[in-house]
Amino acid sequence: MNTIDWKNLPFGYFKTDYNVRCYYKNGQWGPLEVSESEMITMHMAATCLHYGQEAFEGMKAFTGADGKVRIFRMVENAKRMQRSAHGVMMAEVPIPLFEEAVLKAVKLNLKYVPPYGEGASLYIRPLLIGTGGEVGVKPAKEYMFMVFVGPVGPYFKEGFNPVKMQIVRDYDRAAPLGTGTIKVGGNYAASLLAGERAHHDGFSSCLFLDAREKKYIDEAGPANFFGIKGETYITPDSTSILPSITNKSLCELAVEMGMKVERRHIPVEELSEFDEAGACGTAAVISPICQIHDRDTNKIYQYCKDGKAGPVCTKLYERLKGIQQGLLPDTHGWNTMVE
Ligand SMILES: *Cc1c(COP(=O)(O)O)cnc(C)c1O
């Protein structure tokens, strides 16, 4: 296993030895099963294929400076998957079952957890799908919950690199009272065209506005948005944003750093008043934003003009990474140790 080039791993699928699975049938969850197969078989009328009964999670395990493996805020992901399940009428995975499945998947693949200092981590992907066959539109009676894992490389190959974003008005990723607040595949499907166009135009991602009025900043592609104005951390309040656990953690760290935290509407014009801006999520923790381009007005909002991330983004990033890697005390009890 010393053949894995940890430093050059992409963020992508990586085959490991085992995954774990659990089936819901006759109103209850069965035992956890271990599988060596990358394949799943299901009924061709499964509701996940036809009616979008699907939810997923994304989380990470890290090897700390002390050699111990830590999983970051696992219970938050378990609770969020329950909310997602409720939102598309799937059987909820009990929190202890979620925790057991994640721990088992990590322990069975311990040799794939990148060592400390490589910048890499073990990405954990829990998945819940409706597997029961239905042709009429209704929730399935059978579900499958599974967890697979794989090592992923450092998000920023040359350190903490600021990115460019593109504001879009001709697509929405989620309706105002739709599924934007839950982690379901349909939101991603709805964001693909705008996201691919942004990549094609040279941006790392698109910035969606609120679907109703197109006045306020909503979601930054697959990540939450935040701005820094003086001593204040500002992040959108919206009925169509996925509640990022990274964002929630950064808000708590900002308060500890003596900053003010505001969750409120952010009018597009306010972008010109921010000292720093960023996108946050499990994949990168923080992607500092150097430029936001409004493709309708051609207006450009510029941050970190020297090409480097601003001081607040950098400090927040280092604090959160420090806790994940056991370099700073975990005063909130965010880490689960894998022993
Ligand atoms: C998963 C996700 C995020 C980030 O959430 P984290 O819990 O921080 O990883 C942000 N936005 C969307 C749309 C997501 O699906």
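Cut-offs used in this document
Residues numbered from 1 in each chain as written. Predicted model: local features only at pLDDT ≥ 70, side-chain atom pairs only at ≥ 80, totals over all residues. Heavy atoms only, no water. Helix = DSSP H or I, 4+ residues; strand = E, 2+ residues; numbered from the N terminus. Rg over C-alpha atoms; globule rule 2.2 N^0.38 Å. Areas by Shrake-Rupley, 256 points an atom, 1.4 Å probe, with all protein chains shown as cover. Lys, Arg positive; Asp, Glu negative; His and termini not counted. Charge placed at Lys NZ, Arg CZ, Asp CG, Glu CD. Domains from an automatic or database assignment. Contact = heavy atoms within 4.5 Å. Buried area = accessible area lost by both parts, 1.4 Å probe. Salt bridge = Lys/Arg side-chain N within 4 Å of Asp/Glu carboxyl O. Polar contact = N/O pair within 3.5 Å; in protein donor to acceptor, adjacent residues only side chain to side chain. Expected span 1.5 Å × (residues − 1). Buried < 20%, exposed > 50% of the residue type's maximum accessible area, 1.4 Å probe, protein only. Arc of directions from axis to C-beta. Pairing = 2+ DSSP bridges. Near = heavy atom within 4 Å. Nonpolar A, V, L, I, M, F, W, Y, C, P; charged D, E, K, R; others polar. Axes fitted to C-alpha atoms, helices over the stretch in contact; angles between N-to-C directions. Parallel < 35°, antiparallel > 145°, perpendicular 65-115°, else oblique. Left-handed = near helix turned anticlockwise from the far one by under 90°. Phe/Tyr/Trp six-rings, centres within 6.5 Å; stacked < 30°, edge-to-face > 60°. Lys NZ or Arg CZ within 6 Å of the ring centre and 35° of its normal. Core = buried A, V, L, I, M, F, W, Y, C linked by side-chain atoms within 4.5 Å.

Colleague: Which residues make up the overall build of the chain, and what values go with them?
Modeller: Within the chain, the regular secondary structure consists of six helices and 18 strands. Computed over C-alpha atoms, the radius of gyration of the chain comes to 20 Å, within 12% of the 20 Å expected from 2.2 N^0.38 for 339 residues, which places it in the range of a compact globule. For the chain, the accessible surface area stands at approximately 15400 Å², while carbon and sulfur atoms represent 54% of it. On the chain, the mean spot of the 38 positive side-chain charges and the mean spot of the 40 negative ones are 1 Å from each other.

Colleague: Outline the domain arrangement of the chain, listing residues and values.
Modeller: Assigned domains of the chain: these are domain 1 (6-152) and domain 2 (163-324). A straight line from the C-alpha centre of domain 1 to that of domain 2 covers 26 Å. Taken residue by residue, the interface counts 20 residues in domain 1 and 18 residues in domain 2. Summed over both partners, the interface of domain 1 with domain 2 comes to about 1700 Å²; 61% of that surface belongs to carbon and sulfur atoms. Viewed at the interface, domain 2 and domain 1 are joined by two salt bridges. A salt bridge links Glu-76 to Lys-248; the shortest N-O distance between them is 2.9 Å. Across the domain 1-domain 2 interface, the total number found is eight residue pairs in polar contact (both at pLDDT 80 or more).

Colleague: Explain helix 3 (residues 95-108) residue by residue, including any values.
Modeller: Under the 1.5 Å per step criterion, the end-to-end length of helix 3 is 20 Å for 14 residues, consistent within 8% with the ideal 20 Å. Of all the positions in helix 3, only Leu-97, Phe-98, Ala-101, Val-102, Ala-105 and Val-106 are classed as buried. What you see down the axis of helix 3 is that its buried residues fit within an arc of 160 degrees, all on one side.

Colleague: Give me the lowdown on the pairing of strand 13 (residues 232-236), citing residues and values where you can.
Modeller: Taking burial as the measure, the five residues of strand 13 include five buried ones, the bulk of the element. In strand 13, alternate side chains face the same way, and those of Thr-232, Ile-234 and Pro-236 on one face and Tyr-233 and Thr-235 on the other are all buried. Sheet topology note: the strand 12 (residues 223-229)/strand 13 ladder contains three bridges and is antiparallel. From the neighbouring strand, Ile-228 faces strand 13, where its bridge partner is Tyr-233. Where strand 12 folds back on strand 13, the antiparallel hairpin that results is connected by two residues, among which Gly-230 adopts a positive phi of roughly 60 degrees.

Colleague: Explain the site of the ligand to me, and be specific about the residues and the numbers.
Modeller: Around the ligand sit 14 residues, and of these Lys-183, Tyr-188, Ser-244, Thr-246 and Thr-282 come closest. Those elements giving two or more residues to the shell around the ligand turn out to be strand 12 and helix 5 (245-256). Split into classes, the residues belonging to the shell around the ligand amount to five nonpolar, five polar and four charged.

Colleague: Hey, could you go over the packing of helix 2 (residues 74-87) against helix 3 for me, with residue numbers and the actual values?
Modeller: For the pair helix 2 and helix 3, interaxial distance at closest approach is 9 Å and the crossing angle is 125 degrees. Put simply, helix 2 runs oblique to helix 3. The way helix 2 lies across helix 3 gives a crossing that is right-handed. Mapping the contact onto sequence places Met-74, Val-75, Asn-77, Ala-78, Lys-79, Met-81 and Gln-82 in helix 2 and Ile-95, Phe-98, Glu-99, Val-102 and Leu-103 in helix 3.

Colleague: Describe the packing of aromatic side chains, and please don't skip the residues or the numbers.
Modeller: Counted by the stated rule, this structure contains 11 aromatic pairs. Pairing Tyr-13 with Phe-148 gives two aromatic rings, centres 5.9 Å apart and planes at 70 degrees, and the pair type is edge-to-face. With Tyr-13 in the segment before strand 1 (19-25) and Phe-148 in strand 8 (residues 143-152), this residue pair connects regions lying 135 residues apart in the sequence. Look at Phe-14 and Tyr-112: their rings are 6.1 Å apart centre to centre, the planes differ by 65 degrees, and that puts the pair in the edge-to-face class. A residue pair is termed long-range when its members are at least 10 positions apart, and Phe-14 in the segment before strand 1 and Tyr-112 in the loop between helix 3 and strand 7 (121-130) qualify at 98 residues. Members of the aromatic cluster, connected to one another through ring pairs, are Tyr-24, Trp-29, Phe-98, Tyr-143 and Phe-145. Above the face of the Phe-203 ring, Lys-164 is positioned so that its terminal group lies 5.5 Å from the ring centre.

Colleague: Lay out the environment of Arg-169 with the relevant residues and their values.
Modeller: With respect to the helices and strands, Arg-169 occurs in the loop between strand 9 (163-168) and helix 4 (185-200). Taking the relative accessible area as the measure of exposure, Arg-169 reaches 26% and is therefore partly exposed. With 77 residues separating them in the primary sequence, Arg-169 and Glu-92 have C-alpha atoms 35 Å apart. Non-local contacts of Arg-169, meaning those with residues more than four positions away in its chain, are made with Leu-209, Lys-214, Val-268, Asp-294 and Asp-296. A polar atom in the side chain of Arg-169 sits 2.7 Å from the side chain of Asp-294.

Colleague: Mind laying out the nonpolar core, listing which residues take part and the relevant values?
Modeller: If you look at the biggest cluster of nonpolar residues, it comprises 41 residues, and the most contacted ones within it are Trp-29 and Phe-145. Elements with a contribution of two residues or more to this core: strand 1, strand 5 (59-63), strand 6 (69-72), helix 2, helix 3, strand 7 and strand 8. Here this core takes six residues from helix 3, the largest share from any one element. Setting aside residues no more than four positions away along its own chain, Trp-29 makes contact with Cys-22, Tyr-23, Tyr-24, Ala-91, Glu-92, Val-93, Pro-94, Leu-97, Leu-128, Tyr-143 and Phe-145. Among the nonpolar cores identified, the runner-up in size contains 23 residues, and Phe-160, Met-259, Ile-286 and Leu-320 belong to it.

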